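Here's the letter readout for the chains.
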Amino acid sequence: MTDADALSQDEQARATLRAIFDAAVASAAPGPAVLRHLPGKPKGRCVVVGAGKASAAMAAAVDAAWPDVDLGGVVVTRHGHAVDAGRIEIREAAHPVPDQSSVEAARRILDAVKGLSPEDLVLVLISGGGSSLMVAPADGLTLADKQAVNAALLRSGATIGEMNTVRKHLSAIKGGRLAYAAYPARVITLVISDVPGDDPGAIASGPTVPDISKSKDALDILDRYGMVVPRAVRDHLLKTEDKTPESPPPDVRIVAAPGAALAAAAARARDFGVMPLVLGDALEGEAREMAIVLFGIARSVCQHGLPVAAPAVLLSGGEGTVTIGSKGAGAGGRNTEFLLSLAIAARGHPRIWAIAGDSDGIDGTEDAAGAIVTPTTLARGAAAALSARDFLERHDSYTFFKGIGDLVKTGPTLTNVNDIRAILIT
């Protein structure tokens, strides 16, 4: 193969992967997803509340669709994700660690659903990120307590489900408490799922879904991962009675989800003559270890044509974890960590390319959705005096991919169906 042929193959592989990723994200566009699942118009008022990275775009769709309804409300989204939603107030707050704006947004949301009648409708718009964007500390706790817990959770390596179990037991709005506050109004929740398994009780910590876990479960999670949290947090969990607020059974509708996004990615792969194999939309575990496992499948495709013959693309979703530990971390998120580990495992395999990114456009706290791995990733890193293993050890994957120009930047996509990973085998 000449250098020109290799360049052409690299350009084609990159374009194919980016098109597959973009198709997955586009399939979860908030506006169309919400419009497909709107309920009948209420006899009384419609109060729109919600939280998440997609909540503002979801609210804008509702406002435009129901110009003849007595409608108002407030939703909170991440800084930089706001859009004009007409009669619905849009607030912004911090993610992944909450700030005072998160507390003020929760207060405004709880105030908005007070004093309603059975003829009124509360339309709750929920998407990933809502746990930190809408924060109402339980009695006896402060924002500083919640911030300390969130920071500990993010460093711990706990799964998203475990994180949200803890959050619900420290909240006055999560775990079904928002629905309880809105009673006797009818409550319908429209959800864009970003969690493995699409459990509505886990997405944004389930503000309209009664919590079935116990305070002891939350304490066990803190202990399992050796998390150091404020004394007030442990005292609260030790003395709290596990009483689920009484409210009607939740009416929760999943309007967009990781599985549908992977189906859209698979359809786009077929357009390029590439056979897709969807490995699942709910993969969890350490991101760097997940990469080693998925490389093993890709190598089997190369060597044996199993479980699918090349050209093929291995698609997966879900959410990996990154356990930081006591040494701290550089810049990056679970997707770039996954990719750097994959590049090390692949060792420049000439037939393997990959992309991984967060569908919301932000991997971790940086300005990239993710990155791309090619057969020359390690070589180009070495040429720039960047040791892939050293950067992986420091959890500094963003810096590595920035150094070789392979970050994927989309900007905020205003949706969130978790991570999209695609490994292309030529």
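As shown above, the structure is provided for reference.
Within every chain, residues take consecutive numbers counted from 1 along the sequence as written. The predicted nature of this model means local features are confined to residues of pLDDT at least 70 and side-chain atom pairs, given and counted, to a pLDDT of 80 or more, with totals for whole chains, interfaces and linings taken over all residues. Side-chain metrics rest on all non-hydrogen atoms present in the structure, leaving aside hydrogens and water.

K.L.:
Describe helix α10 (residues 231-239), and please don't skip the residues or the numbers.
P.N.:
For every residue, the accessible area obtained with a 1.4 Å probe (protein chains only) is divided by the maximum for its type, and the residue is called buried under 20%, exposed over 50%, and partly exposed between those limits. In this text, helices come from DSSP runs of H or I with a minimum length of four residues, and strands from runs of E with a minimum of two, each type numbered from the N-terminal end. Those residues of α10 that fall on the buried side of the exposure criterion are Val233, His236 and Leu237. An end-on view of α10 places all buried positions within 95° of arc, on one side of the element. Turned more than 90 degrees from where α10 packs its buried face, Arg231, Leu238 and Lys239 sit exposed. Residues count as neighbours in contact if any of their non-hydrogen atoms are within 4.5 Å of one another. Lining the buried residues of α10 we find α6 (143-156) and α9 (215-224). The arc in question is the one spanned by the directions pointing from the helix axis to the C-beta atoms.

K.L.:
Describe the sheet that holds strand β6 (residues 251-256), naming the residues involved and giving the relevant values.
P.N.:
The 6 strands are arranged β3-β2-β1-β4-β5-β6 in an open sheet whose pairing can be described as parallel. Of all the strands in the sheet, the pair left with one neighbour each is β3 (88-93) and β6. The sheet shows a mean angle of 15° between the axes of neighbouring strands, taken without regard to direction. Two strands form a pair only when DSSP identifies at least two bridges running between them. When strand β5 (residues 186-192) meets β6, the two strands line up parallel, connected through 5 bridges. Residue pairing in the sheet places Ile188 in a bridge with Asp251 of β6. Here helix α4 (residues 100-112) sits on the sheet in contact with β1 (46-51), β2 (71-78) and β3, set at roughly 155° to β3. The axes used here are C-alpha line fits, helices contributing only the stretch in contact, and every angle between their N-to-C directions lies in the interval 0 to 180 degrees.

K.L.:
For the packing of helix α12 (residues 287-304) against helix α13 (residues 334-346), give the residues involved together with the corresponding values.
P.N.:
Their axes nearest at 8 Å, the elements α12 and α13 cross at an angle of 45°. Relative to α13, the element α12 lies oblique. In the crossing of α12 with α13, the sense of the turn from one axis to the other is right-handed. Here α12 contributes Ala287, Arg288, Met290, Ala291, Ile292, Leu294 and Phe295 to the contact with α13, which in turn contributes Arg334, Glu337, Phe338, Ser341, Leu342, Ala345 and Ala346. When its residues are assigned to classes, the contact of α12 with α13 shows 10 nonpolar, 1 polar and 3 charged. Should an angle lie under 35 degrees it is considered roughly parallel, over 145 roughly antiparallel, and from 65 to 115 roughly perpendicular; all remaining angles are considered oblique. Left-handed describes a crossing whose near helix is turned anticlockwise from the far helix through less than a right angle; right-handed describes the clockwise counterpart. Each residue gets one of three labels, nonpolar for Ala, Val, Leu, Ile, Met, Phe, Trp, Tyr, Cys and Pro, charged for Asp, Glu, Lys and Arg, and polar for the others, Gly among them.

K.L.:
How would you summarise the side chain of Asn418 if you had to cite specific residues and measurements?
P.N.:
Its place among the elements puts Asn418 in the loop between β11 (407-408) and β12 (419-425). One polar contact links Asn418 to Glu319, side chain to side chain, over a distance of 3.4 Å. Those residues within four positions of Asn418 in sequence are excluded, and the remaining contacts are Asp194, Val195, Pro196, Pro258, Gly318, Glu319, Arg334, Gly357, Asp358 and Ser359. Contacts described as polar in this section are N or O atom pairs within 3.5 Å, which, within protein, must combine one atom able to donate a hydrogen with one able to accept it, while residues neighboring in sequence count only if both atoms come from side chains.

K.L.:
Give me the packing of α9 against α10: which residues, what numbers.
P.N.:
Running from N to C, α9 and α10 point in directions that differ by 145°, and their axes come no closer than 8 Å. Note that α9 runs across α10; the crossing there is left-handed. On the side of α9, the interface is formed by Ser215, Ala218, Leu219, Leu222 and Asp223, while α10 contributes Arg234, Leu237 and Leu238. Of the residues contributing to the contact of α9 with α10, the split by class is 5 nonpolar, 1 polar and 2 charged.

K.L.:
Explain unusual backbone geometry to me, and be specific about the residues and the numbers.
P.N.:
Pro96 follows His95 through a cis peptide bond whose omega is 10°. For Pro96, the location among the structural elements is in the loop between β3 and α4. Phi is positive for Ala385, which is not a glycine, with a value near 60°. Looking at where Ala385 falls in the secondary structure, it is placed in the loop between α14 (377-383) and α15 (388-393). Ala385 sits in the exposed class, given a relative accessible area of 68%. Its identity as a non-glycine residue notwithstanding, Leu414 has a phi of 65°, on the positive side. As for its position among the elements, Leu414 is in the loop between β11 and β12.

K.L.:
I'd love a proper account of the packing of aromatic side chains, names of residues and values included.
P.N.:
Here a ring pair, both rings aromatic, is described through the centre-centre distance and the interplanar angle of the planes. Under the pairing criterion, centres of Phe, Tyr and Trp rings, with the six-membered ring standing for Trp, must be within 6.5 Å; the plane angle then separates stacked pairs below 30 degrees from edge-to-face pairs above 60, leaving the rest tilted. Summed over the entire model, instances satisfying the criterion amount to 2 aromatic pairs. Seen in terms of ring centroids, Phe400 and Phe401 are 5.4 Å apart; in terms of plane orientation they differ by 90°. Their pairing is edge-to-face. Taking relative accessible area as the criterion, Phe401 reaches 0% and is therefore assigned buried. Three or more aromatic residues joined by ring pairs form one cluster here, namely Phe391, Phe400 and Phe401. Taking the ring centre of Phe391 as reference, the NZ or CZ of Arg394 above it sits at 4.5 Å. Here the guanidinium or amino end of Arg421 rests over the ring plane of Phe338, the centre of that ring lying 5.7 Å away. Only Lys NZ and Arg CZ are tested; either one counts as a charge over a ring when it is within 6 Å of the ring centre and within 35 degrees of the ring normal.

K.L.:
Describe the environment of His169, naming the residues involved and giving the relevant values.
P.N.:
One can find His169 in the loop between α7 (160-168) and α8 (177-182). According to the relative accessible area criterion, His169 is buried, its value standing at 7%. Measuring from C-alpha to C-alpha, the distance between His169 and Leu237 comes to 7.2 Å, with 68 residues separating the pair along the chain.

K.L.:
Lay out the environment of Thr321 in plain terms, naming residues and giving numbers.
P.N.:
On the secondary structure map, Thr321 appears in strand β8 (residues 312-321). Excluding anything up to four places from it in sequence, Thr321 contacts Gly157, Ala158, Thr159, Gly285, Glu286 and Ala287.

K.L.:
An account of the side chain of Glu286 is needed here, citing residue identities and associated values.
P.N.:
With respect to the element layout, Glu286 can be found in strand β7 (residues 275-286). Positive charges are assigned to Lys and Arg, negative charges to Asp and Glu, while His and the chain termini are left out of the count. Should a side-chain nitrogen of Lys or Arg be within 4 Å of a carboxyl oxygen of Asp or Glu, the pair is scored as a salt bridge. The side chain of Glu286 sits in the buried core without any salt bridge; Arg288 is the nearest counter-charge, 5.2 Å away.

K.L.:
Can you explain the sheet that holds strand β9 (residues 352-358)? Please cite residues and give values.
P.N.:
The mixed open sheet is built from 6 strands, whose spatial order is β7-β8-β12-β9-β10-β11. The strands lining the two open edges of the sheet, one partner per strand, are β7 and β11. Examined bridge by bridge, strand β10 (residues 370-373) and β11 share 2 bridges and lie antiparallel to one another. Its bridge partner being in β11, Gly370 is matched across the sheet by Val408. Relative to β7, α12 is tilted by about 155°, and along the sheet it contacts β7, β8, β9 and β12.

K.L.:
Lay out the pattern of salt bridges with the relevant residues and their values.
P.N.:
Tallied over the entire structure, the rule returns 23 salt bridges. Between Glu89 and Arg108 there is a salt bridge, with the nearest N and O atoms lying 2.4 Å from each other. One end of the pair, Glu89, is in strand β3; the other, Arg108, is in helix α4, and 19 residues separate them in sequence. Of the residues examined, Arg108 reaches a relative accessible area of 33% and is grouped as partly exposed.

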